[in-house]
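The residues making up each chain are set out below.
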Amino acid sequence: MPLLTLSWPAEAYLWFKTLHIVGVVVWFAGLFYLVRLFIYHREAEELEESLRLAFQAQYGLMERRLANIITTPGMVVAVVCAAGLLSVNPAWLQQGWMHAKLAFVAALLAYHAFCYRLMGQLNRGACSWSPKQLRALNELPTLLLVIVVMLVVFKNQFPTGAATWFIVALVVFMAASIQFYARWRRLRAERLSANA
Ligand code: HEM
């Protein structure tokens, strides 16, 4: 059937789904970059006073703009359109995969709120999370993204075979590589400044 002749409910569903996916992409882009900015913000503490103040003020501004203009609006679009999808097809709410998805989305919303808490602490100079811990924290949304997308694609046939374990191993490998690379860069910078 050509797209323009779709009946209203089907078209509404597809519009909600389109905007839901766009919202999810924007939301995740914001979440990933926000915690990266937190890492730079904490690392700026190593700089000498005048540079530290300038960098931290700039990172603080970038964080607030990213959180309030990109990340939270992305979250609102994703959640409002998800509610639209469920109102067009409430039968999804009877399915096990949707219950699992909602539980992981609740974890994602808690992570989103926690990022705001960290942002406030950073701006007051009261954040106790080290750059290394923030890097590890930044892996959490990746894990939630993979699980939620798998749930929505596989639904009640969630796979537990070799392919799933391969993807889990790949995500762990990527997370470990990022940690090792950051450590290698830090050690190299320390060596260079010791030799200077
Ligand atoms: C607020 C909670 C959410 C609810 C109630 C919800 C609900 C839904 C529903 C009902 C669909 C349509 C499923 C279909 O037509 O087969 C859908 C699609 C989708 N959702 Fe969500 N969703 C939520 C959050 C999320 C999040 C956080 C992500 C990403 C991590 C996500 C990723 C997707 C994707 C990629 C699709 C398209 C799947 C496809 O067409 O095969 N959703 N969602």
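About the cut-offs
- Residues numbered from 1 in each chain as written.
- Predicted model: local features only at pLDDT ≥ 70, side-chain atom pairs only at ≥ 80, totals over all residues.
- Heavy atoms only, no water.
- UniProt positions renumbered as here; feature names shortened; annotations may be inferred.
- 1 Å grid on protein atoms, 1.4 Å probe; cavity = no way out; pocket = protein on both sides within 12 Å on 5 of 7 lines; lining within 4 Å.
- Points joined across faces, edges and corners; volume = space filled by probe spheres on them.
- Helix = DSSP H or I, 4+ residues; strand = E, 2+ residues; numbered from the N terminus.
- Nonpolar A, V, L, I, M, F, W, Y, C, P; charged D, E, K, R; others polar.
- Phe/Tyr/Trp six-rings, centres within 6.5 Å; stacked < 30°, edge-to-face > 60°.
- Buried < 20%, exposed > 50% of the residue type's maximum accessible area, 1.4 Å probe, protein only.
- Lys NZ or Arg CZ within 6 Å of the ring centre and 35° of its normal.
- Near = heavy atom within 4 Å.
- Polar contact = N/O pair within 3.5 Å; in protein donor to acceptor, adjacent residues only side chain to side chain.
- Sits in = over half its atoms within 2 Å of the grid points.
- Donors = N, O, S within 2.8 Å, 3.2 Å for Na, K, Ca; no water.
- Tetrahedral: all angles 85-135°; square planar, octahedral: opposite > 155°, others 65-115°.

An unreviewed UniProt entry lists the protein chain under the name Protoporphyrinogen IX oxidase, with Cyanobium usitatum str. Tous as the source organism. Per its UniProt entry, the protein chain bears the Subunit (unreviewed entry) comment "Homodimer."

This next bit is on the layout of surface pockets. Each pocket or cavity is described by its volume, and for the largest pocket that value is around 650 Å³. Lining the largest pocket are 26 residues; nearest its centre among them are His20, Val24, Leu85, Lys101 and Val152. The set of elements that each furnish at least two residues to the lining of the largest pocket consists of helix H1 (8–43), helix H2 (49–88), helix H3 (96–123) and helix H5 (140–154). The greatest single-element share of the lining of the largest pocket, amounting to eight residues, is contributed by H1. When grouped by side-chain class, the residues that make up the lining of the largest pocket number 22 nonpolar, one polar and three charged. Taken as a whole, the second largest pocket spans an internal volume of roughly 400 Å³.

This part takes up the packing of aromatic side chains. Across all of its chains, the model carries seven aromatic pairs by this definition. Here tyrosine 40 and tyrosine 59 contribute two aromatic rings whose centre-to-centre distance is 6.0 Å and whose plane-to-plane angle is 35°, an arrangement assigned as tilted. In this pair, tyrosine 40 is assigned in helix H1 and tyrosine 59 in helix H2, connecting sequence segments 19 residues apart. Judged by relative accessible area, tyrosine 40 falls into the partly exposed class, the value being 29%. When its relative accessible area of 15% is taken as the criterion, tyrosine 59 is described as buried. Taken together, the aromatic side chains of Trp27, Phe28 and Phe32 make up a single cluster linked through ring pairs. Seen from the ring of tryptophan 97, lysine 155 lies directly overhead, with NZ or CZ sitting 5.0 Å from the centre.

Among the 21 residues in the neighbourhood of the ligand, the closest are listed as Tyr13, Lys17, His20, Lys101 and Lys155. Between the ligand and histidine 20, the relevant distance is 2.8 Å, taken from a nitrogen atom to a side-chain nitrogen or oxygen of the residue. Here lysine 155 contributes a side-chain N or O atom positioned 2.7 Å from an oxygen atom of the ligand. One can see that the ligand is located within the largest pocket. At the level of secondary structure, the elements contributing two or more residues to the shell around the ligand comprise H1, H2, H3 and H5. Ranked by the residues each element gives to the shell around the ligand, the list is headed by H1, at seven residues. Taken together, the residues of the shell around the ligand sort by class into 17 nonpolar, one polar and three charged.

Those protein atoms acting as donors to the iron atom of the ligand are His20 (NE2) and Lys101 (NZ), and they sit at 1.8 to 2.1 Å. Coordination geometry of the iron atom of the ligand: the six donor atoms subtend angles of 84 to 177° at the metal centre, consistent with an arrangement described as octahedral. Note that histidine 20 is positioned in helix H1 and lysine 101 in helix H3, a separation of 81 residues in sequence. Overall, the relative accessible area of 12% leaves lysine 101 in the buried class.

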